[in-house]
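# Structural description and commentary
Here are the chains, one letter per residue:
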Protein chains: 2
Amino acid sequence: MPFHSHRLPNGLQIIGETSPSARSVAVGFFVRTGARDETPAEAGVSHFLEHMMFKGTARRTAEQVNLDFDRIGANNNASTSEENTVYYAAVLPEYLPKVVDVLADMLRPSLRQDDFDTEKKVILEEIKLYDDQPDSVMSDHARRIYYKSHPLGNSVLGTLESVGALTRDQMYAYFSRRYAANNIVASAAGNFDWDEFVKLISDACSTWNTDIVGRENRTEWTDAPGGLHVLTREKVQQEYALFVGNGPPADSKMRYAADTVALAVGDYSGSRLYWELVDPGHAESADFGYAENDGSGAIFVSLTCEPDNTAENLARIEKILKDVQRDGITDAELQQAKNKILSRVVRRSERPMGRMMAIASMWTYTGEYRDVDTELANFDAVTQKDIRAYLDAYPIDRTTVVAFGPMTELNGTVGKAV
Amino acid sequence: MPFHSHRLPNGLQIIGETSPSARSVAVGFFVRTGARDETPAEAGVSHFLEHMMFKGTARRTAEQVNLDFDRIGANNNASTSEENTVYYAAVLPEYLPKVVDVLADMLRPSLRQDDFDTEKKVILEEIKLYDDQPDSVMSDHARRIYYKSHPLGNSVLGTLESVGALTRDQMYAYFSRRYAANNIVASAAGNFDWDEFVKLISDACSTWNTDIVGRENRTEWTDAPGGLHVLTREKVQQEYALFVGNGPPADSKMRYAADTVALAVGDYSGSRLYWELVDPGHAESADFGYAENDGSGAIFVSLTCEPDNTAENLARIEKILKDVQRDGITDAELQQAKNKILSRVVRRSERPMGRMMAIASMWTYTGEYRDVDTELANFDAVTQKDIRAYLDAYPIDRTTVVAFGPMTELNGTVGKAV
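Residues numbered from 1 in each chain as written. Chains lettered and ligands numbered in written order. Predicted model: local features only at pLDDT ≥ 70, side-chain atom pairs only at ≥ 80, totals over all residues. Heavy atoms only, no water.

### Some words on the overall build of chain A
Counting its regular elements, chain A contains 15 helices and 14 strands. For a compact globule of 418 residues, the expected C-alpha radius of gyration is about 22 Å, and chain A comes in at 22 Å, within 12% of that figure. Taking contacts inside chain A between residues at least 6 apart in sequence as the whole, the part at least 24 apart equals 82%. For chain A, the accessible area works out to roughly 16,700 Å², and carbon and sulfur atoms hold 50% of it. Averaging the positions of the 44 positive and the 62 negative side-chain charges in chain A gives two centres separated by 3 Å. (Helix = DSSP H or I, 4+ residues; strand = E, 2+ residues; numbered from the N terminus. Rg over C-alpha atoms; globule rule 2.2 N^0.38 Å. Contact = heavy atoms within 4.5 Å. Areas by Shrake-Rupley, 256 points an atom, 1.4 Å probe, with all protein chains shown as cover. Lys, Arg positive; Asp, Glu negative; His and termini not counted. Charge placed at Lys NZ, Arg CZ, Asp CG, Glu CD.)

Shown next, in the form of structure tokens:
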């Protein structure tokens, strides 16, 4: 599957992986901006702006944006995270020109004042709905506690206050700064012609502005508070907890070992956490995840259980993390984790959408391309020595723990009502 | 992508579609049994039995079943519907022998009494949880009201009473009857060797019993009650409604026109229901679906909205159904629906899992194989004349309507508390 890349004079990066045996093509625009790039006064603007992209352009009403995707049978969507805002669609190969036209047009939105006012109400509703989802509330609190003032702790949705006070002009200023051509990657994968794709993107995007882009605070986060933090909301039924710790950044070679340990210790099935907490019925769920960020990284161990079992389960998790930190994982665990990863990487790669996302994410974080076989080989090459080196560099038993739920006290720590 | 089929002497049907460019293989056992094949005393046994399949065999404990999937990185699961119980997994090609071994072994379970007793508690909990999900409650009630005593109205989960009273011996009797070899299709798609697959299935399944299988009541359902039925539960926040009507069975050529009309009238985006109910904010959601069954078929129009808007929204939907019944859909709607269907069929076909499911479902319902291009051509060939013929044969405006939510009265019909 040949890879191609080309940079427009305004800095917009085009990449593509062609696969003639595919029957569709996936296209996406990756904008290197998200919650971590917002000032406190702008909190939530990245996500709000993502919504506004669907509200029309100089050439299209909101209805026409929707209709133009529908007419070509596009499977399209968008998402906003701490670091990226992504707009994407999969279509049959003959609709490549049309899908590039509507996606690129969307990314130069009108941002009309009345649409802004209407959509603000939708976002405020979304923030309220979100507050009914305990795992989301816990995750937001835990990030803020762990990262303190570091912008990786910013909430993607923002708050009722920040979004409520946001003006259309603030959004426009953010848009101009962050949606500059040199902060965007246009990616395609599947059955398409590379030269045609470059011409389409060039025709649609060459007039886009260039700006001073980039990101502050790309250093690793070493100032976590540690300890146990108890947040109490009595009407919640289950207790939710999150262990957060340091991990390698996205461009580190240690990411392969970090993913492997996460799977061995806390995959949703067949892992240490599964066998010691979930299978015996002590917990509803207990998972270990590794999140790679720009210049930084983190591990997350999440727990959901009956409130009365929380203290015991926290102790079980702490013991597992300490055991693995001291002794590593077994050869059988290493092999099983590798088999799972290899299988998942392959299955994700089978769809153009999966490959389009993978190459754009790689390029955004590392500026390089790795084909599926290289990625598989990198995981397959992880040794017990690599695992040890990773654990020494990023000890998994040095975590900050946040609990959220009906418990008013845990291990002597009194809960703070939220 | 060549298709193969082979029938074992005991009646077990093996089918496969090989695709050498794929990087994984998906394998599934389709058992032609589900809620509609249960007697009232057995209600819920198909789904309960699906759970029991993971509890161990003569050769494996429950832990070993789980471990054996995990060791090969399998993406495995199972599901039960009104008509089918399906066990499936996707793996890297080298693990085909292992995944067939564990899947086939699972399908001859021990059904131990103590596992049965433990799992019954899990199922009873699941039924209670389900009762907290308004759309599921509404769907169960609506099926029962529409189908009256016809077994297609049976609930997949069963009731607290039926599952509570079920014995291990009843389950075993059902298992022996319905999991006979001649009621099962073993399907594979992706990167695998057909002869090897046949040998693996033959080695694992040749001793399986043969029985008198089949299904009663495969005739079309023409005795629907019609009218509006109001079910009231005051603590529910939104009002949920379902229109149910007759549709072509799975082996009818009219299925292509039925799918096309469903998408044009009620796809989640860009359809008549979307533009007239969802986009203007009258309803949270309004969708039109076509469900193809064995010897029968149905259409479902579902609505979720603010309780006070229910009567108006029911009237809007009725008008749309009447308009389409009288005038059909426009040429633009026909073309847009086709584009969506073609795109979705292609995207589903890109993964071995998608193809494995598609060929097994086709074979189970029609005893035939259609490759992706044939299926695409069948949809592409739908004309306005076909749409008219479908609407004449299965009028979409003759429906039974069930509403569920806080409304105590709708259009003069007083709600029945549930």
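Alright, that's what it looks like, and here's the rest.
### Overview of the relation of the copies chain A and chain B
Turning chain A through 180° and shifting it by 0.0 Å along the axis lays it on chain B, with an RMSD of 0.0 Å. Accordingly, the operation relating the two chain copies is best matched by a two-fold axis. The overlap is high: 100% of the interface residues of chain A also sit at the interface in chain B, so the same surface is used on both sides. (Least-squares fit on C-alpha atoms with pLDDT ≥ 70 in both.)

### Side note on the interface of chain A and chain B
Residue-level contacts link 36 residues of chain A with 36 residues of chain B. Each partner contributes to the roughly 3,000 Å² buried at the junction of chain A and chain B, and carbon and sulfur atoms together form 47% of this total. Of the charged contacts, one joins Asp373(A) and Arg23(B) as a salt bridge, the two residues approaching to 2.6 Å between their closest N and O atoms. Counting across the interface, chain A meets chain B through 22 residue pairs in polar contact (both at pLDDT 80 or more). Listed by contribution, the elements that provide at least two residues to the side of chain A that touches chain B are helix H2 (62-71), strand S5 (85-91), helix H10 (272-278), helix H12 (331-349) and helix H14 (372-380) of chain A. The dominant element in the side of chain A that touches chain B, judged by the number of residues it contributes, is H12(A), at 9 residues. Within the side of chain A that touches chain B, the residues separate by chemical class into 14 nonpolar, 11 polar and 11 charged. (Buried area = accessible area lost by both parts, 1.4 Å probe. Salt bridge = Lys/Arg side-chain N within 4 Å of Asp/Glu carboxyl O. Polar contact = N/O pair within 3.5 Å; in protein donor to acceptor, adjacent residues only side chain to side chain. Nonpolar A, V, L, I, M, F, W, Y, C, P; charged D, E, K, R; others polar.)

### Here's the deal with the pairing of strand S2 (residues 13-18) of chain B
Residue and element names in this part refer to chain B. Burial analysis of S2 places 6 of its 6 residues in the buried class, which makes it a mostly covered element. Judged by which residues are buried, S2 turns out to be covered on both faces: Gln13, Ile15 and Glu17 on one side and Ile14, Gly16 and Thr18 on the other are all buried. Pairing geometry for strand S1 (residues 3-7) and S2, over 5 bridges, is antiparallel. Counted as the bridge partner of Arg7 is Gln13 from S2. Between the end of S1 and the start of S2, which pair antiparallel, lie 5 residues, with Gly11 showing a positive phi angle near 100°. Of the strand pairs in this sheet, S2 and strand S6 (residues 184-190) are connected by 6 bridges, and their pairing is parallel. Looking across to S6, one finds that Thr18 is bridged to Gly190. (Buried < 20%, exposed > 50% of the residue type's maximum accessible area, 1.4 Å probe, protein only. Pairing = 2+ DSSP bridges.)

### Quick word on the domain arrangement of chain A
All names here are of chain A. Structurally, chain A comprises domain 1 (3-205) and domain 2 (227-417). Computed from C-alpha atoms alone, the centre-to-centre distance between domain 1 and domain 2 is 27 Å. If you look at the interface, domain 1 gives 41 residues, while domain 2 gives 33 residues. Across the domain 1/domain 2 interface, buried area totals approximately 3,000 Å², and carbon plus sulfur atoms make up 70% of it. Of all residues in domain 1, Glu17, Met138 and Tyr146 give up the largest surface area on contact with domain 2, accounting jointly for 21% of the area buried on that side. At the surface where domain 1 touches domain 2, the tally comes to 12 residue pairs in polar contact (both at pLDDT 80 or more). Listed by contribution, the elements that provide at least two residues to the side of domain 1 that touches domain 2 are strand S1 (3-7), strand S2 (13-18), strand S3 (25-31), S5, helix H5 (134-147) and strand S6 (184-190). When grouped by side-chain class, the residues that make up the side of domain 1 that touches domain 2 number 22 nonpolar, 11 polar and 8 charged. (Domains from an automatic or database assignment.)

### Looking at the UniProt feature "domain: Peptidase M16 N-terminal" (unreviewed entry) in chain A
Under the local residue numbering, the UniProt record ascribes the feature "domain: Peptidase M16 N-terminal" (unreviewed entry) to residues 16-159 of chain A. Along residues 16-159 of chain A, the helical share is 42% and the strand share 16%, with 37 Å between the first and last C-alpha atoms. (UniProt positions renumbered as here; feature names shortened; annotations may be inferred.)

### Considering helix H9 (residues 255-266) of chain B
Residue and element names in this part refer to chain B. With 12 residues, H9 should cover 16 Å at 1.5 Å per step; its first-to-last C-alpha distance of 16 Å lies within 8% of that length. Counting buried residues in H9 gives 11 out of 12 residues, a clear majority hidden from the surface. Of all the positions in H9, only Arg255, Tyr256, Ala257, Ala258, Thr260, Val261, Ala262, Leu263, Ala264, Val265 and Gly266 are classed as buried. Check the buried side of H9 and you find it contacts helix H10 (272-278), strand S9 (285-293), helix H11 (310-327), helix H12 (331-349), helix H14 (372-380) and helix H15 (384-393). (Expected span 1.5 Å × (residues − 1).)

### Some thoughts on unusual backbone geometry
Most peptide bonds adopt trans geometry, and most residues besides glycine take a negative phi value. Residue and element names in this part refer to chain A. For Leu111, which is not a glycine, the phi torsion comes out positive at approximately 50°. Inspection of the secondary structure assignment puts Leu111 in the loop between helix H3 (96-106) and helix H4 (113-130). Given a relative accessible area of 3%, Leu111 falls into the buried group.

### Thoughts on the sheet that holds strand S5 (residues 85-91) of chain B
Residue and element names in this part refer to chain B. Pairing is mixed across the open sheet formed by 6 strands, whose spatial order is S1-S2-S6-S3-S5-S4. Edge positions in the sheet fall to S1 and strand S4 (75-80), since each has one partner strand and no second. Across the sheet, the mean angle from the axis of one strand to that of its neighbour is 10°, orientation sign disregarded. Together, S1, S2, strand S3 (25-31) and S6 form the strand contacts of helix H8 (residues 194-205), whose direction differs from that of S2 by roughly 155°. (Axes fitted to C-alpha atoms, helices over the stretch in contact; angles between N-to-C directions.)

### Describing the packing of helix H11 (residues 310-327) of chain A against helix H15 (residues 384-393) of chain A
Relative placement of two packed helices is described by the angle separating their axes and the distance separating the axes. Residues and elements named next belong to chain A. Where H11 contacts H15, the axes come no closer than 9 Å and their chain directions differ by 120°. Relative to H15, the element H11 lies oblique. Judged by residue contacts, Val324, Gln325, Arg326 and Asp327 of H11 engage Arg388, Leu391 and Asp392 from H15. Looking at the contact of H11 with H15 residue by residue, the class counts come to 2 nonpolar, 1 polar and 4 charged. (Parallel < 35°, antiparallel > 145°, perpendicular 65-115°, else oblique.)

### Some thoughts on the environment of Trp275(B)
Considering the arrangement of structural elements, one finds Trp275(B) in helix H10. For Trp275(B), the residues in contact, after removing those within four places along its chain, are Glu63(A), Asn66(A), Leu67(A), Gly270(B) and Pro280(B).

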